[in-house]
Amino acid sequence: MDNLMLTATQMIARESQRVEVSANNIANVATPGFKRELAFHSVLGAQAARQLQQQALDAAAGVAPEPEPALREGAAQAPAATRAMQRATDFAAGKLQHTGNPYDLSVTGPGFLQLATERGFVYARTAALHRDGEGRLVTAQGWRLQAAGGGDVSVSGEDWKLERDGTVVDAGNPASAVRLVEFDQLERLTRAGGNAFAAPDDARMSERQPGAQGAALASAVQQGYLEAANVSVGDDMVQIMEAMRRIESAQKLVHAYDDMVGSALQRLGGM
């Protein structure tokens, strides 16, 4: 396999990922709080380029690639051509949509709500909640809204409201406060399904108790609103069409190479 085939296979692998990312964005355009994903090329150094070529030669010879030491045991081995396409999340805020439902909460500013799941905490910019049998505010998945200082946010009935600083006023009395956090490095957050994100254990975050002394967070909570996805369907459709054109061009390269090899073999056979 020479450089022509290597270039074509790399292009197909990269552009296929671009199609996958854009298609997933479009599929989640109606998911409240969804953050679109971006796909972009990383610059490969000489060592990575040599690794790509060696993997192509090994594949042609039927040799299985050796796992990288940095990968954990049992983890999937991604080809270098696949790793050349990087992904990032666009955390730009979506538009706030008024629903009038007091159980719909959204964050303005860079902050996140904290939700407790069976596997740990996740963070979301918006949440469509309801009151469960124990009075806790939970999502459709059963994820529990967390209070500042720890524990679940609970209300006694329908007579409750939420102040912009996160204070929960239940039956006219301040009962608790929603935990609102801001992360120093958003790029360290990983997707946890839907509009939720997980944070590493050593993630640096800011939090302040409502009414406490100290600098206020740049974020606030809006009750009765849901944040729309920040997906631009038009942009992602253009990305898909451009990627499909590149894939078609790469496929033509593969077919042309196959025809050349076939012609060469025929000529050799006739000698």
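For the structure, check the block above.
Residues numbered from 1 in each chain as written. Predicted model: local features only at pLDDT ≥ 70, side-chain atom pairs only at ≥ 80, totals over all residues. Heavy atoms only, no water.

### With respect to the overall build of the protein
Using the following cut-off: Numbering goes from the N terminus for both helices and strands, where a helix is a DSSP run of H or I of at least four residues and a strand is a run of E of at least two. Whether two residues are in contact is decided by their heavy atoms, any of which lying within 4.5 Å being enough. Values of accessible area rely on a 1.4 Å probe in the Shrake-Rupley scheme; residue burial ignores everything except the protein chains shown.
The helix and strand inventory of the protein stands at four helices and 19 strands. The contacts in the protein between residues at least 6 apart in sequence include a share of 68% that link residues at least 24 apart. In the form shown here, the protein has an accessible surface area of approximately 15,400 Å², with 52% of it arising from carbon and sulfur atoms.

### Remarks on the sheet that holds strand β18 (residues 220-223)
Inclusion rule: DSSP calls a pair of strands paired once it identifies at least 2 bridges connecting them. The axes are straight lines fitted to the C-alpha atoms, using for helices just the contacting stretch, and the angles between their N-to-C directions are given from 0 to 180°.
The three strands lie next to each other as β7-β4-β18, forming an open sheet whose pairing is antiparallel. Lying at the two open borders of the sheet, with one neighbouring strand each, are β7 (126-128) and β18. Across the sheet, the mean angle from the axis of one strand to that of its neighbour is 15°, orientation sign disregarded. Note: strand β4 (residues 104-108) against β7, three bridges, orientation antiparallel. When the bridges of β7 are listed, S106 appears paired with T126.

### Considering the packing of aromatic side chains
Worth spelling out the cut-off: Stacked, tilted and edge-to-face pairs are distinguished by plane angle, under 30 degrees for stacked and over 60 for edge-to-face with tilted covering the rest, among Phe, Tyr and Trp rings (Trp via its six-membered ring) whose centres lie within 6.5 Å. For every residue, the accessible area obtained with a 1.4 Å probe (protein chains only) is divided by the maximum for its type, and the residue is called buried under 20%, exposed over 50%, and partly exposed between those limits.
Scanning the entire structure with this criterion turns up six aromatic pairs. Taking 6.3 Å as the distance between ring centres and 80° as the angle between the ring planes, the aromatic pair formed by F91 and F112 counts as edge-to-face. Of this pair, F91 sits in the loop between β2 (85-89) and β3 (96-98) while F112 is found in strand β5 (residues 112-117), placing the two residues 21 residues apart along the sequence. Across the pair, F112 and F91 agree in class, each one buried. Here the aromatic cluster, defined as three or more aromatic residues joined through ring pairs, consists of F91, F112, Y123, F183 and F197.

### Describing the pairing of β4
With respect to burial, β4 is a largely interior element, four of its five residues being buried. As defined by bridge partners, β4 adjoins β18 across four bridges and the pair is classed as antiparallel. Looking at β18, one finds that S106 is bridged to Q222.

### What to know about the sheet that holds strand β11 (residues 160-162)
Spatially, the three strands line up as an open sheet ordered β11-β12-β13, and their pairing is antiparallel. If you trace the sheet from one side to the other, it starts and ends with β11 and β13 (173-177), each paired once. Neighbouring strand axes in the sheet, compared pairwise and without regard to direction, differ in orientation by 25° on average. Across four bridges, strand β12 (residues 167-170) lies against β13 in antiparallel orientation. Looking at the pairing, V168 lines up with S176 of β13.

### Some details on the nonpolar core
The test is simple: Throughout this description, the term nonpolar core refers to a set of buried Ala, Val, Leu, Ile, Met, Phe, Trp, Tyr and Cys residues connected via side-chain atoms within 4.5 Å.
L113, L137 and L145 are the most contacted members of the largest nonpolar core, which has 22 residues in total. Each residue touching L145, except ones within four places of it in the same chain, is listed here: L105, L113, Q114, L115, L129, L137, G151, D152, V153 and V178.

### Focus: the pairing of β5
The element β5 is largely enclosed, with a buried count of six among its six residues. On β5, burial covers both faces: F112, Q114 and A116 on one face and L113, L115 and T117 on the other are all buried. Relative to strand β14 (residues 180-183), β5 runs antiparallel, the two sharing two bridges. Of the residues in β14, the one forming a bridge with F112 is V181. If you look at the hairpin formed by β5 and strand β6 (residues 120-124), you'll find two residues sitting between the two strands. Here β5 pairs with strand β10 (residues 144-145) via two bridges, running antiparallel. Across the sheet, A116 pairs through a bridge with R144, a residue of β10.

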